[in-house]
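What the coordinates show
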Amino acid sequence: MNERERGERDYIGFATLPEQVHRKSVKRGFDFTLMVVGESGLGKSTLINSLFLGDLYKNRKISDVQDRIEKTTTIEKKTMEIEERGVKLRLTIVDTPGFGDAINCEDSWRVCSAYVDEQFRQYFTDESGLNRRHMQDNRVHCCLYFVPPWAHSLRQVDLEMMRRLHRKVNIVVVIAKADSLTAAEVKRLKTRILNDLEEHQIQVYQFPECDSDEDEEFKQQDRELKAAAPFAVVSSDTVLEVGGKRVRGRQYPWGIVDVENPRHSDFTKLRTMLISTHMQDLKDVTQDVHYENFRAQCISQISQHAMRERGKLKRDSMGNNTDVVFTDTDRLLLQKDEEIRRMQDMLTQMQEKLKASDKKHDSIIDV
C-alpha cells in the first residue's frame, strides 16, 4: 500500500470544519456596532465616512449656537449594509450629538452609559427567551472617544465619561484634527493622555498579544499599532490629485495633508486596527468580558430576589399552617435569612450612630 492510499484510508474528514464554519458565517453575515463620543466640530462624521467609504450623515442638520447652550446629549443610530468580496457587514454607528456642547456637562455620560446598559439588557432578555434563532446583536463593541487637539491632556469631562464606560465597552482614544499640532505636540499629548489614564486607573482597549507562530510582518504591524495608541488622526471627504495619484486629503496654503500617509496621520493604523485586524477581538472582549460581567450581575440579582421571595413564602406558610413539615435544608435557609436580617439591622443601627456622632462633631466645630 503506497503513502497516498494509506493517507486516504486514515482521512476522517473533520479537517474541513473551518471551511464549514467559514461558509456558514459568510452566509449569515456579521454585525458590528461602533459608538462615537466627542463634542461637536471634532470631525467625527468625516472620520466615520472616511473609515467606511460612505456618507452616513448626508441628511444631518447643524444646530446653531443658541440651541447648544442648553443642549443635552442624545443618541442617534445609523445602520448601513456593507459588502466586500462576498462578506456582508451590518454596521451600526451610534452617534452622541450634544455631548460636551452644553455649559454644564457633568451629566453628559448618563445617556451613553444608559444606552450601553440597555443593549446588554435587551441581549440578555433575548438570550433568556424561547426563540433565540433570530437574535440581533446591538451591543456596543467599540467606543471611539474623541479628544480635542487644543486640550493639553484629558479634561474632567473626558475622565468622568471614560470612568463610567471603561468596564462596559472597549474604549479607543482618538486625538481629533491632529493636523493642527506639530509632531512634537502630538507626541507630548499622547504621553499626557496615557499618564492620565494610568493615574485614574481607566482601562482602555488592550491589544492582545501576538501568537508565537505569527509571521514577522504581522508582529511588526502589531507593534506599530500598539505604539500608535492613542491614535492622532486626520480625516477628509475631499479627494485630491497629488503627483498623478488621487488621495483623500486636506488642501492648505503650505501643502497637502494626505490622510493615509502615516507621517501625516494615524488614520491608516486606526482603520487597520478597527476593521482589518482587531474587529473580531473587539467583539470577543465585549462578549467574554463586558457582557459576562453584566450577565453575572443580572443572575445574582435574580437569585437574590428569588431567595427573598422563597423565604417570604416559607415564613407566610409557617405562620398560617402549624402542620407544615420543614426539611433540614428549609430550616437552614430560614436560619440564614434570619442571620442576614439581623446583620442588616445591626448595620443600620451602626450607620445611624455614626451619622449622629458626625452631626455632634460638626456642631462642636461650629461652636
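Residues numbered from 1 in each chain as written. Predicted model: local features only at pLDDT ≥ 70, side-chain atom pairs only at ≥ 80, totals over all residues. Heavy atoms only, no water.

Considerations on the overall build of the protein chain
Our working definition: The helix count covers DSSP runs of H or I at least four residues long, the strand count covers runs of E at least two residues long, and both are numbered beginning at the N terminus. Each residue gets one of three labels from its accessible area relative to the maximum for its type: buried under 20%, exposed over 50%, partly exposed in between, using a 1.4 Å probe on protein chains only. Two residues qualify as a contact provided that any one of their heavy atoms is within 4.5 Å of a heavy atom in the partner residue.
Helix and strand content of the protein chain: 11 helices and nine strands. Buried positions account for 35% of the 367 residues belonging to the protein chain. Long-range contacts, defined as pairs at least 24 residues apart, comprise 68% of the intrachain contacts of the protein chain with a sequence gap of at least 6.

Regarding the pairing of strand 8 (residues 245-252)
Keep this limit in mind: Two strands pair under a simple rule: DSSP has to find at least two bridges between them.
The pairing of strand 7 (residues 239-242) with strand 8 spans four bridges and is antiparallel. Note on strand 8: the bridge partner recorded for Glu-241 is Arg-246. Connecting strand 7 to the antiparallel partner strand 8 that follows it, the hairpin turn spans two residues, and Gly-243 within it adopts a positive phi of roughly 60°. Bridge count for strand 8 against strand 9 (residues 255-258) is four bridges, and the pairing is antiparallel. Of the residues in strand 9, the one forming a bridge with Gly-249 is Asp-258. With antiparallel pairing between neighbouring strands as the criterion, strand 8 and strand 9 make up a hairpin whose turn holds two residues.

Remarks on helix 2 (residues 17-28)
Operational definition: Take the number of residues in a helix, subtract one, and multiply by 1.5 Å to get its expected span.
Taking 1.5 Å of rise per residue, 12 residues should cover 16 Å, and helix 2 covers 17 Å from first to last C-alpha, within 8% of that figure. Of the residues flanking the end of helix 2, it is Gly-29, one or two places downstream, whose phi is positive at about 90°.

Looking at the packing of aromatic side chains
Rules: In summary, the pairing rule links any two rings of Phe, Tyr or Trp, Trp by its six-membered ring, whose centres are within 6.5 Å, and it sorts them by plane angle into stacked for under 30 degrees, edge-to-face for over 60 and tilted for everything else. In this scheme, the term charge over a ring applies when either NZ of a lysine or CZ of an arginine sits within 6 Å of the ring centre and within 35 degrees of the ring normal.
Taken as a whole and assessed by the stated rule, the structure comprises five aromatic pairs. Summarising the aromatic geometry, the rings of Tyr-123 and Tyr-291 are spaced 5.2 Å apart at their centres and angled 90° between planes, so their arrangement reads as edge-to-face. With Tyr-123 in helix 5 (residues 108-128) and Tyr-291 in helix 10 (residues 279-320), the pair connects residues that are 168 residues apart, well separated along the chain. Overall, Tyr-123 belongs to the buried group, its relative accessible area being 14%. Among the residues examined, Tyr-291 registers a relative accessible area of 0% and is labelled buried. Among the aromatic side chains, those forming a connected cluster through ring pairs are Phe-120, Tyr-123, Tyr-291 and Phe-294. The aromatic ring of Tyr-123 is capped on one face by Arg-139, whose charged end is 3.8 Å from the ring centroid. For the cation-ring pair, Arg-164 lies above Trp-109, with the distance from its terminal atom to the ring centre recorded as 3.9 Å.

Considering the pairing of strand 3 (residues 87-95)
The element strand 3 is largely enclosed, with a buried count of seven among its nine residues. When strand 2 (residues 76-84) meets strand 3, the two strands line up antiparallel, connected through nine bridges. If you follow Glu-81 over to strand 3, its bridge partner there is Arg-90. Between strand 2 and the antiparallel strand that follows it, strand 3, lie two residues; Arg-85 among them carries a positive phi value of about 55°.

As for the sheet that holds strand 9
Sheets are built from strands that pair by backbone hydrogen bonding, the pairs being arranged parallel or antiparallel. Quick note on the threshold: Axis definition: a line fitted to C-alpha atoms, limited for helices to the stretch in contact. Angles are taken between N-to-C directions and run from 0 to 180 degrees.
Taken in spatial order, the three strands of this open sheet run 7-8-9, and their pairing is antiparallel. What marks the edges here is a single partner per strand, and that holds for strand 7 and strand 9. Neighbour to neighbour, the strand axes of the sheet diverge by 70° on average, direction disregarded.

Points about the side chain of Asn-170
Let me state the cut-off plainly: Residues adjacent in sequence count toward polar contacts only when both atoms are side-chain atoms; beyond that, a polar contact is any pair of N or O atoms within 3.5 Å, and within protein one must be able to donate a hydrogen and the other to accept it.
Looking at where Asn-170 falls in the secondary structure, it is placed in the loop between helix 6 (156-165) and strand 5 (171-175). Within polar-contact distance, the side chain of Asn-170 engages the backbone oxygen of His-141 at 2.8 Å. At a separation of 3.0 Å, a polar atom in the side chain of Asn-170 contacts the main-chain carbonyl oxygen of Leu-282. Ignoring sequence-local partners within four residues, the contact set of Asn-170 consists of His-141, Cys-142, Cys-143, Tyr-205, Leu-282, Val-285, Thr-286 and His-290.

Regarding the sheet that holds strand 5
The strand order 2-3-1-4-5-6 describes an open sheet built from six strands, whose pairing is mixed. Where the open sheet ends on each side, the last strands, each with one partner, are strand 2 and strand 6 (231-232). Of the strand pairs in this sheet, strand 1 (residues 30-37) and strand 4 (residues 142-147) are connected by four bridges, and their pairing is parallel. Bridge pairing links Met-35 to Cys-143 in strand 4.

So, the packing of helix 5 against helix 6
What counts, and what does not: When an angle is under 35 degrees it counts as roughly parallel; over 145 it counts as roughly antiparallel; between 65 and 115 it counts as roughly perpendicular; any other value is oblique. A crossing counts as left-handed when the near helix is turned anticlockwise from the far one by less than a right angle, and as right-handed when that turn is clockwise. Residue classes follow a fixed rule: Ala, Val, Leu, Ile, Met, Phe, Trp, Tyr, Cys and Pro count as nonpolar, while Asp, Glu, Lys and Arg count as charged, and any other residue, Gly among them, counts as polar.
Running from amino to carboxyl end, helix 5 crosses helix 6 at an angle of 15°, the nearest separation of the two axes being 10 Å. Overall, the two elements helix 5 and helix 6 adopt an arrangement that is roughly parallel. Taken as a pair, helix 5 and helix 6 cross one another with a handedness that is right-handed. Along the contact surface, helix 5 presents Trp-109, Cys-112, Ser-113 and Val-116, while helix 6 presents Glu-160, Met-161, Arg-164 and Leu-165. Partitioned by chemical class, the residues of the contact of helix 5 with helix 6 number five nonpolar, one polar and two charged.

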